[in-house]
Amino acid sequence: MDRSILEGDPHSVLESMIIAGFAIGANQGYIYVRAEYPIAVQRFSVAIKQAREYGLLGKNIFGTNFSFDVEVRLGAGAFVCGEETALLESIEGKRGQPRIKPPYPANAGLWGKPTLINNVETYANITRIILNGADWYSSIGTEGSKGTKVFALGGNVVNVGLVEVPMGTTLREIVYDIGGGIPNGRDFKAAQTGGPSGGCIPKEHLDTPIDYESLKQIGSMMGSGGLIIMDDTKCMVNLAKFYLSFTVDESCGKCTPCRIGTKRMLELLEKISGGEGTLEDVEKLEELANSIPKTAICGLGQSAPNPVLSTFKYFREEYLEHVQEKVCKTGECKALAKIQIHEDKCKGCGMCKRNCPVEAISGEPGKIHHIDETKCIKCGTCISVCPFHAIG
Amino acid sequence: MVNLVIDNKQVTVPEGTTVLEAARKVNIDIPTLCFLKEINEVGDCRMCIVEIEGRRGFCASCIQKVEEGMVVHTNSPAVISARRTILDLILSNHHRDCLTCVRNGNCELQALAEKLNITDVRYDGVKNEYEIDDKSPSIVRDFNKCILCRRCVATCNKVQNIGAISACQRGFASCVSTVGNESLNDVNCTFCGQCIESCPTGALHEKYSINEVWEKLRDENAYVVVQTAPAVRVALGEEFGMEIGTNVTGKMVTALKNLGFDKVFDTNTGADFTIMEEGTEFIKRLKEKDNLPMITSCSPGWVKFIEANYPENLPHLSSCKSPHEMFGALIKTYYAAKNKINPEKIYVVSVMPCIAKKYERQREEMKENGLYDVDCVITTRELARMIKQANIDFTNLEDSSFDDPMGEATGAGAIFGVTGGVMEAALRSVSEILTGKELEKIDFKEVRGQKGIRKATIEIGKDEIKVVVATGLSNAREIMEEIKQGKADYQFVEIMACPGGCIMGGGQPIKSSKIRATVNVQKKRADAMYTIDEKSKIRKSHENPVLKKIYKEYLGEPGGHLAHEILHTHYEAKPKYRILDNLN
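Residue numbers run consecutively from 1 along every chain, following the written order of its sequence. Each chain is given a letter, starting from A, and each ligand a number, starting from 1, according to the order in which they appear as written. Owing to the predicted nature of the model, reporting of local features is limited to residues with pLDDT of at least 70; listing and counting of side-chain atom pairs is limited to 80 or more, with chain, interface and lining totals taken over all residues. The basis for every side-chain value is the complete set of heavy atoms in the structure, and neither hydrogens nor water enter the calculation.

Engineer: Please clarify how the interface of chain B and chain A should be interpreted in this entry.
Structural biologist: Think of interface size as the accessible area that goes away when the parts come together; that is how it is often given. Contact between two residues is taken to exist if any of their heavy atoms lie within 4.5 Å; hydrogens are not considered. Across the boundary between the two partners, chain B contributes 31 residues, which contact 30 residues of chain A. Surface buried jointly by chain B and chain A totals about 2,500 Å² across both partners, of which 51% is contributed by carbon and sulfur atoms. The largest contributions to the chain B side of the interface with chain A come from Arg122(B), Arg170(B) and Phe172(B), which together make up 25% of the buried area. The term salt bridge refers to a side-chain nitrogen of Lys or Arg lying within 4 Å of a carboxyl oxygen of Asp or Glu. At the surface where chain B touches chain A, the tally comes to five salt bridges. For Arg122(B), the salt bridge identified is with Glu283(A), shortest N-O distance 3.6 Å. Here a polar contact means two N or O atoms within 3.5 Å. Within protein one must be a hydrogen donor candidate and the other an acceptor candidate, and residues neighboring in sequence count only if both atoms are side-chain atoms. Scanning the region where chain B abuts chain A turns up 22 residue pairs in polar contact (both at pLDDT 80 or more). For the side of chain B that touches chain A, the element with the highest residue contribution is helix α2 (residues 77-92) of chain B, accounting for six residues. The quantity reported as buried area is the accessible area (1.4 Å probe) lost by two parts once they are put together, taken as the sum for both. The numbering of helices and of strands both runs from the N terminus, where a helix is a DSSP run of H or I of at least 4 residues and a strand a run of E of at least 2.

This is the structure in structure tokens:
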């Protein structure tokens, strides 16, 4: 989403940075972009060049005493460099790992100097606010969260892509009105907001207004604005495992709870998902998930257990099914998948048979099909292709 | 002053104090692991977390500054549980083979496990597995014991300004490594060993030579001579529970004799030779204004540093070998001839507070007639292990004296082990030789102390010379830059690689973070060295009768032809990295 702003309207960010520089008396700005976004880098660089040509950047802008320039710094794609102090370290050419706070960047930031550091989307709003006035901006959104928010809507939803909505729009409106609902006639199961550090929101909170306070209240967060929709074929244990494996990879390794704690959590999730889990493992997982947020140094570690905590909060029974009944109802945890064709729903259309990669399904057209468990590799293809939801 | 409450105790401390320090003031012992005072204050390991009322998460007390009215709980059930979890996690990725670990009994992690009553590891899982790096002659790295506290990294980068090691990889794969993950042998490591002194666990230790010594001691054909460096005697006792800075010279000599060494000599005598040679070299250079300032060369970590980093300054370096090398060379030449012993049968063992000496003794330059001057170097710690292994009840030993005829040393030789000591010893002799008059005051207190760089102007007769003492390699680098940029207005420089000098060498007994934070180890050991000097009958190297005799009987004049051949060497530019060699 930030990338789309940099690619689509780099001047909105650049202009706001110049204004911010003027406001705080800075004369050097940096924009930190991942090297994996070459178009954003290129377009922003062009924008800088253009601004210099127009005299909007450089020495004595418009004949005033104010001088300001902006430099692009490329990141190597570490997630933790989204944490402000790790980002500063990276710009300084050091290993991207967070600093101890205090001091905060406003007191001692880049090169030890007081630094204003903001997200791309924040800057992109500044010029609009100045042009249209604060009252205009405040008229959009909720009491505590003003303006709009751009979400990267994805997952099991008909319309995927970037959507900008006023703060306070409900999840239901985003999923069903803008997103066009869940494809294939499936049911909504949960939405993950805030990326891998966020949490999941279950069906019962579909009418929650999306703003900073409400999301926090229900155990999730706004984060970067990621919004992944999941239908009822998704296993929440598997989901937590997926997100945690990301943060484990992206931990900078500085503090113990994040470096080792998240790894141990992932191992426990793998054990549970792999059919080897016990109630004690669930207990241990919960202990670590509760302990790490209080002991990790930075936001990455502190929020890493969120996917586990929120799935515990709303889908605890799934964890218990995995360890007590040794079943993963969605079949996503393959070791625990029991894939069978429900005879009352099967119409004998043959979709499953045609799509099975190992020819484990047999049956005559129009008649009930059967799965040969000795051949089945539990890939789940049949579940997702069955138009009658007869497999599970 | 700031008032706060820690575990219901009122505490008043100066502004800027950390919660950890404030707690220690009222005898609350918050456990730490990555904390190393003034070197590694980063709050990474999270062992020292405390609960502060009104704060969301726990705070690392080693970096959290006190605030007025703060209410701190160091031992609430929540803190105890979280701290236990942290330690548990660290232990889960640690090779817990304490019984066979070099740091058994002196390991901060082991001590924490005991303190926190760890009886099982709750969150066990996969462990990182690493190959052990034992390629270098000086240092062994066993990452399987590393807990990523990064005290070594901070020491190498901040204290020594070398940067041989750094954090690499990320997440669970994070490790401390070198450029290209090469062996320490092949990168810019100087083998100062300060990282070993910083390591809380057994992840870093010296390359052992104990078994070679045992073998030679059992070999009837070998004539095994041992010499002990000045700094060993004021620290060895610590390995046997004695007070820091206890002078155990007499017990040490007895122990060495009990171990079965044929002769027990004192490297202090070698230091006296170094003063004679270095002093003579300095006087010559001073008169001829040749390559001034002259820099001392007795610290092998320092020599490795200048050879790799400042080759253009090498002409300033004294050509003297270090004291134990000089002494080893004399044992295999003068002493062997005089006592009609085949030098090939002589096996010289040096007990040193240093691990760079292990590297130094293997240098091709350190040979006489094809024989190494010194055959084996063991550290103070290794000697302690040997004494323990040999069932010697060290603390109850009687005193005995070094063997003649090479056992007599001066107070000047003794203070070689402390920063400023070489300078002071040299000044005593240089002054008297240059002026021909006896010094009224032989203590040069202006070159003593703990400051990293000490500059002084010394009157010698009617002349003045400016001298500099630098200790620790970051300070050495500063002096090197001054010389390189032509800003050096001084004539004589003493440099030791280890901050504090040999008494704080990489081979000395390892002190825990807590001891280092609360006791001035350097001062205690230094005081012991100066006391040895004060109590010495002879305190000037040129007055040592052993020297006079050997110069008269064998070497000729100090700085003369034979002295040069045996006691001097040449130092030359060496590559900083040997990685390219490995590729070829």
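Engineer: Quick question: what am I supposed to make of the pattern of salt bridges here?
Structural biologist: Where charged atoms of side chains with opposite charge meet at close range, the side chains can pair. As enumerated under the stated definition, the model contains 69 salt bridges over all chains in all. In this structure, Arg122(B) and Glu280(A) form a salt bridge, with 3.2 Å as the shortest nitrogen-oxygen distance. Note that Arg122(B) is positioned in the loop between α3 (108-115) and β6 (139-141) and Glu280(A) in helix α11 (residues 279-295), a pairing that runs across two chains. Using a 1.4 Å probe on the protein chains alone, a residue whose accessible area is under 20% of its type maximum counts as buried, one over 50% counts as exposed, and one in between counts as partly exposed. Judged by relative accessible area, Glu280(A) falls into the partly exposed class, the value being 40%. For Glu287(A), the salt bridge identified is with Arg122(B), shortest N-O distance 2.6 Å. With one member in each of two chains, Glu287(A) in helix α11 and Arg122(B) in the loop between α3 and β6 form a pair that bridges those chains. Here Arg122(B) falls in the partly exposed class, since its relative accessible area comes to 24%. Via salt bridges that share partners, Glu424(B), Arg428(B), Asp443(B), Arg448(B), Asp533(B) and Arg539(B) belong to a single interconnected network.

Engineer: Mind showing me how you'd approach the pairing of strand β1 (residues 2-6) of chain B here?
Structural biologist: Note on strand geometry: in a regular strand, side chains alternate between the two faces of the sheet. Residue and element names in this part refer to chain B. Alternating residues of β1 divide into Val-2, Leu-4 and Ile-6, all buried, and Asn-3 and Val-5, none buried. With five bridges connecting them, β1 and strand β2 (residues 9-13) associate as antiparallel partners. Along β2, the bridge assignment pairs Val-5 with Gln-10. If DSSP finds at least two bridges between two strands, the strands pair. Hairpin remark: β1 followed by β2, antiparallel, with two residues in the connecting loop; positive phi at Asp-7, about 45°. Here β1 pairs with strand β5 (residues 71-73) via two bridges, running parallel. Looking across to β5, one finds that Val-5 is bridged to Val-71.

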